[in-house]
Each structure stands twice: as C-alpha cells, then as structure tokens.
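Each chain, written out:
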Amino acid sequence: QLAEIHKDFVQDITYATNNQNPVDLRDLRTNDEIQKQLEIGISDLGYTYKRQREEGGGGSNVITSSIVAESVLAIWRKRPHQAKFRRKEHFGKLYVDIFKDLNAAQALLAVLIFRAVENERKRPTSTPPDYMSYASHYISMLIGRKLQDDMGVSLTDVSHRNFQEILQKFEDDQAEYHAIAVKDVTDALKACYGDREISLQQLSATFRRGDLLEMLGSHDKRM
C-alpha cells in the first residue's frame, strides 16, 4: 500500500515537473491503463490509436490521444473553450476530467464528429460566418448533444454495441446537424451582443472565456 502511494506521489511530481511541456506529459501518460484500454477498444472498432506522439504514420483510420483529449473535452465534457485554449493541460490538470470512465466508442465518436466539423471549417460547403475559426469546438459539442437526443441515448449508453448505428445517424444527417449547430451559436452570440458588430478580438475572447455556454444551455432548454 505504501509503495503504491509512493509510486503515485512520484508520478504526480513527474507530471507537475513536466507540466510546462504538453508533449512530455502526453508521453508520460502512454502507459496508463486508460490509454492501453482505449488502444485495444479503438482497434476493435477498426481504427488505430496512437498513444505516443513519435509513433509514425497517419491516415483517416489513425486516431491520436491528443485529438481524443480535445474532442472529448469539447463534446462529452462540454468544455469547448478548454478544449481549444487549454491544450497544454489536457494531459496534465485536465487529464482525469477528460479520460475518466471514457470508453473507446465514446472517444472515437467524439473524434469523428470533431474531424467532420474541422473539415467543414477548412473546406466550407457554404459561406461560413466570421466566427467560424473559433467555433469548431462549440459546434462539435452541440452536434454531439443533438445526436444523443435524436438517438435517445445518454453518454453512458454509448458503447461498441451501438457505435455503428450512432455513427451512421451522424453521417446521414451531418449537414443538417452542422447547420443547426451554427444557427445555435449565431443565436447565442446575438443574445450576448445584440445586433452590434463584434470585432474578431471580441469574438476570440468570447469563445476563449466560454461566455456562450450559458446561452447555449438556456437555448437548449427552450428547444
């Protein structure tokens, strides 16, 4: 028991010492049981999970631990501002919040939603609003919420058993989900600022602080 406590203490010191370098932190977590289980589970779903940054090779079937952290924090943990603006803490201070009780299906679904939103941002199929470069994490969160509602599942219900069905629903209605989420963000910004013009600096600060979360929450309750 004492040895275990000592080990945890040493590990905490190591994480704290390395907290200035997110890359080191991510590498220190690679042998966590959580990370090993995600690798196995994601492999069972037909994807490759990279626990370490120096593992080479990319492609649409490759999922990195850093993109899982970012996507899960934005979508399932409902902290889109921290997902985008506090990346250095994903494998430090925010690690347990992100990865605790996370299964492979939940992780993978979050990544695939976030990827689709980022692809739309980079190669838009319609004229994007001015704020789009700041909004991917919020849009992803709203899509995840709407998808859960449509499927009638809570996060704990999402598993390898219904993963394909939920993913199929998202892929079938992806454009609609995106449009609804964009409208919700636009409405939330209007509720914050009215009709006056918002500078890019103000927009950036608004998304960084998470000011919209309350607006989006109340908007959701009205729906």
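Novice: I'd like to hear about the overall build of the chain, residue by residue, with values.
Specialist: Scanning the chain for helices and strands turns up twelve helices and two strands. Traced from its N-terminal end to its C-terminal end, the chain shows the element sequence α-α-α-β-β-α-α-α-α-α-α-α-α-α. Each of the 223 residues in the chain was classed as buried or not, and the buried ones make up 45%. Contacts spanning at least 24 positions in sequence make up 65% of the contacts within the chain whose residues lie at least 6 apart.

Novice: An account of the pattern of salt bridges is needed here, citing residue identities and associated values.
Specialist: In the structure shown here, the tally under the stated rule is twelve salt bridges. Measuring nitrogen to oxygen at the nearest pair gives 2.9 Å for the salt bridge that ties Arg51 to Glu39. Pair noted here: Arg51 is in the loop between strand E1 (48-50) and strand E2 (62-64) and Glu39 is in helix H3 (residues 33-44), with a separation of twelve residues, a long-range link. Relative accessible area serves as the criterion here: at 17%, Arg51 is assigned to the buried category.

Novice: Mind laying out the layout of surface pockets, listing which residues take part and the relevant values?
Specialist: Estimates place the volume of the largest pocket at around 280 Å³. What lines the largest pocket is a set of 13 residues, among which Asp130, Tyr131, Leu189, Arg196 and Ile198 lie closest to the centre. A total of three residues in the lining of the largest pocket trace back to one element, the largest contributor, which is helix H10 (residues 174-193). Considering only residue class, the lining of the largest pocket consists of six nonpolar, two polar and five charged. Here the second largest pocket defines a volume of roughly 230 Å³. Elements that contribute at least two residues to the lining of the second largest pocket include exactly helix H7 (104-122), helix H8 (132-151) and H10. In terms of residue class, the lining of the second largest pocket is made up of eleven nonpolar, five polar and two charged.

Novice: Residues and numbers for the nonpolar core, please.
Specialist: Counting 61 residues, the largest nonpolar core has Val68, Phe99, Leu109, Ile139, Val185 and Phe207 as the members making the most contacts within it. The biggest single contributor to this core is H7, with twelve residues.

Novice: Can you explain the side chain of Ser136? Please cite residues and give values.
Specialist: Position of Ser136 among the secondary structure elements: in helix H8. A distance of 2.6 Å separates a polar atom in the side chain of Ser136 from a polar atom in the side chain of Glu118. Among all residues touching Ser136, those that are not within four sequence positions of it are Phe114, Val117, Glu118 and Arg121.

Novice: Could you give me a rundown of the confidence of the model for the chain, with the residues and numbers involved?
Specialist: Confidence in the prediction of the chain, expressed as mean pLDDT, is 86, and 84% of residues score 70 or more. No element of the chain has a lower mean pLDDT than helix H1 (residues 2-17), at 52, and none a higher one than helix H9 (residues 163-172), at 98.

Novice: Got a sec to walk through the packing of H7 against H9? Specific residues and values, please.
Specialist: Across the interface, H7 lies against H9 with an axial gap of 11 Å and an inter-helix angle of 15°. In terms of axis orientation, H7 runs roughly parallel to H9. Note that H7 runs across H9; the crossing there is right-handed. Contacts between H7 and H9 pair Ala105, Leu108, Leu109, Leu112, Ile113 and Ala116 from the former with Phe163, Ile166, Leu167 and Phe170 from the latter. Tallied by class, residues from the contact of H7 with H9 come to ten nonpolar, no polar and no charged.

Novice: Please provide a residue-by-residue account of the environment of Glu120, values included.
Specialist: Relative to the helices and strands, Glu120 resides in helix H7. The class for Glu120 is buried, based on a relative accessible area of 17%. For the pair Glu120 and Ser136, spaced 16 residues apart in sequence, the C-alpha to C-alpha distance is 9.2 Å. Residues contacting Glu120, with those up to four places away along its chain left out, are Thr125, Ser126 and His178.

Novice: I'd like a rundown of the environment of Arg53, residues and numbers included.
Specialist: As for its position among the elements, Arg53 is in the loop between E1 and E2. A relative accessible area of 43% means that Arg53 is categorised as partly exposed. When the C-alpha positions of Arg53 and Thr30 are compared, they lie 9.4 Å apart, and in sequence the two are 23 residues distant.

Cut-off values and rules
Residues numbered from 1 in each chain as written. Predicted model: local features only at pLDDT ≥ 70, side-chain atom pairs only at ≥ 80, totals over all residues. Heavy atoms only, no water. Helix = DSSP H or I, 4+ residues; strand = E, 2+ residues; numbered from the N terminus. Buried < 20%, exposed > 50% of the residue type's maximum accessible area, 1.4 Å probe, protein only. Contact = heavy atoms within 4.5 Å. Salt bridge = Lys/Arg side-chain N within 4 Å of Asp/Glu carboxyl O. 1 Å grid on protein atoms, 1.4 Å probe; cavity = no way out; pocket = protein on both sides within 12 Å on 5 of 7 lines; lining within 4 Å. Points joined across faces, edges and corners; volume = space filled by probe spheres on them. Nonpolar A, V, L, I, M, F, W, Y, C, P; charged D, E, K, R; others polar. Core = buried A, V, L, I, M, F, W, Y, C linked by side-chain atoms within 4.5 Å. Polar contact = N/O pair within 3.5 Å; in protein donor to acceptor, adjacent residues only side chain to side chain. pLDDT = per-residue confidence, 0-100. Axes fitted to C-alpha atoms, helices over the stretch in contact; angles between N-to-C directions. Parallel < 35°, antiparallel > 145°, perpendicular 65-115°, else oblique. Left-handed = near helix turned anticlockwise from the far one by under 90°.

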